[in-house]
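# Descriptive analysis of the structure
Residue strings, one per chain:
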Amino acid sequence: MRTTVLLTLLTAATAPAVAIAAPVTYQLDPTHTDVLFTWNHNGFSFPTGRAAISSGTLVYDAARPAASQVQVELPLAELATHVPKLDEIVKSDKLFDVARFPQAAFRSTSVVSQGAGRLKITGELTLHGVTRPVVLDATLNKVGEHPSRKVPTIGFNATGVIRRSEFGLDAFLPNIADEVQLRITTEAQGAKE
């Protein structure tokens, strides 16, 4: 009995007090990811369009958020403004010129914890053949096992602002504002454990 108690105490004393979580790699889920962009139209309205993602990888390190990374590809042929004629204009050489620049991409360069599940993600957005820095304010929604897929899952919301003229998208200024608001929600899954 004494030997068992002694072994138990020794094991407890030599075991690490807290398990250190390793970074987890997740694949962004295109069916549960929305990249919404909103612009000011002549001061009268604020229409919203949607960009889809084709693929994306998120590496999240809960213990060291600064080691986290995100990389996303967006197929611009799938841009949608909910107005067919406007979709044609947006995809034409007047704006995004999707025939020449079929894809946009975002790659993080730094992630800084802001406390309480909030992160400041700085990265490079490549759009219309131009790469510029962009800052996203992100909020961690949830981390856990997906209830039906039974895989590690994570979800974030993020907001940001870009100036389209910085990417050579200056058509229709100032009637269509230079500043474009971004709102993103995403879900991502890891490998089955």
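Residues numbered from 1 in each chain as written. Predicted model: local features only at pLDDT ≥ 70, side-chain atom pairs only at ≥ 80, totals over all residues. Heavy atoms only, no water.

Moving on, we come to the confidence of the model for the protein. Considering every residue of the protein, the mean pLDDT works out to 89; 89% of them sit at 70 or more. Every residue in residues 1–19 scores below 50 in pLDDT, and together they form zero contacts with partners more than four places removed in sequence or on other chains. (pLDDT = per-residue confidence, 0-100. Contact = heavy atoms within 4.5 Å.)

Using the criterion set out here, one finds two aromatic pairs in the structure. Between Phe37 and Trp39, the ring centres sit 5.8 Å apart and the planes meet at 25°, which makes this aromatic pair stacked. According to the relative accessible area criterion, Phe37 is buried, its value standing at 12%. Geometrically, the ring pair formed by Tyr60 and Phe156 is edge-to-face, given 5.8 Å between the ring centres and 70° between the ring planes. With Tyr60 in strand 4 (residues 55–60) and Phe156 in strand 9 (residues 152–163), the pair connects residues that are 96 residues apart, well separated along the chain. Accessibility expressed as a relative area gives 9% for Phe156, which makes it buried. (Phe/Tyr/Trp six-rings, centres within 6.5 Å; stacked < 30°, edge-to-face > 60°. Buried < 20%, exposed > 50% of the residue type's maximum accessible area, 1.4 Å probe, protein only. Helix = DSSP H or I, 4+ residues; strand = E, 2+ residues; numbered from the N terminus.)

Here the residue pair Leu173 and Pro174 is connected by a cis peptide bond, since its omega of 0° sits within 30 degrees of zero. Checked against the element boundaries, Pro174 lands in the loop between strand 9 and strand 10 (176–189). Of note, the phi angle at His128 is positive, near 60°, even though the residue is not glycine. Here His128 shows up in the loop between strand 7 (118–127) and strand 8 (130–145). What makes His128 buried here is its relative accessible area of 16%.

Within the largest apolar cluster, 40 residues are counted, with the highest numbers of intra-cluster contacts made by Phe96, Ile121, Leu127 and Ile162. At five residues, the largest contribution of residues to this core is made by strand 10. Ignoring sequence-local partners within four residues, the contact set of Ile121 consists of Val70, Phe106, Ser108, Ser110, Val111, Val134, Val135, Leu136 and Ala138. (Core = buried A, V, L, I, M, F, W, Y, C linked by side-chain atoms within 4.5 Å.)

With that settled, consider the environment of Ala188. Its place among the elements puts Ala188 in strand 10. Note on Ala188: relative accessible area 1%, which makes it buried. Placed 45 residues apart in sequence, Ala188 and Val143 show a C-alpha to C-alpha distance of 9.7 Å. Non-local contacts of Ala188, meaning those with residues more than four positions away in its chain, are made with Tyr26, Gln27, Leu28, Asp29, Pro152, Thr153 and Ile154.

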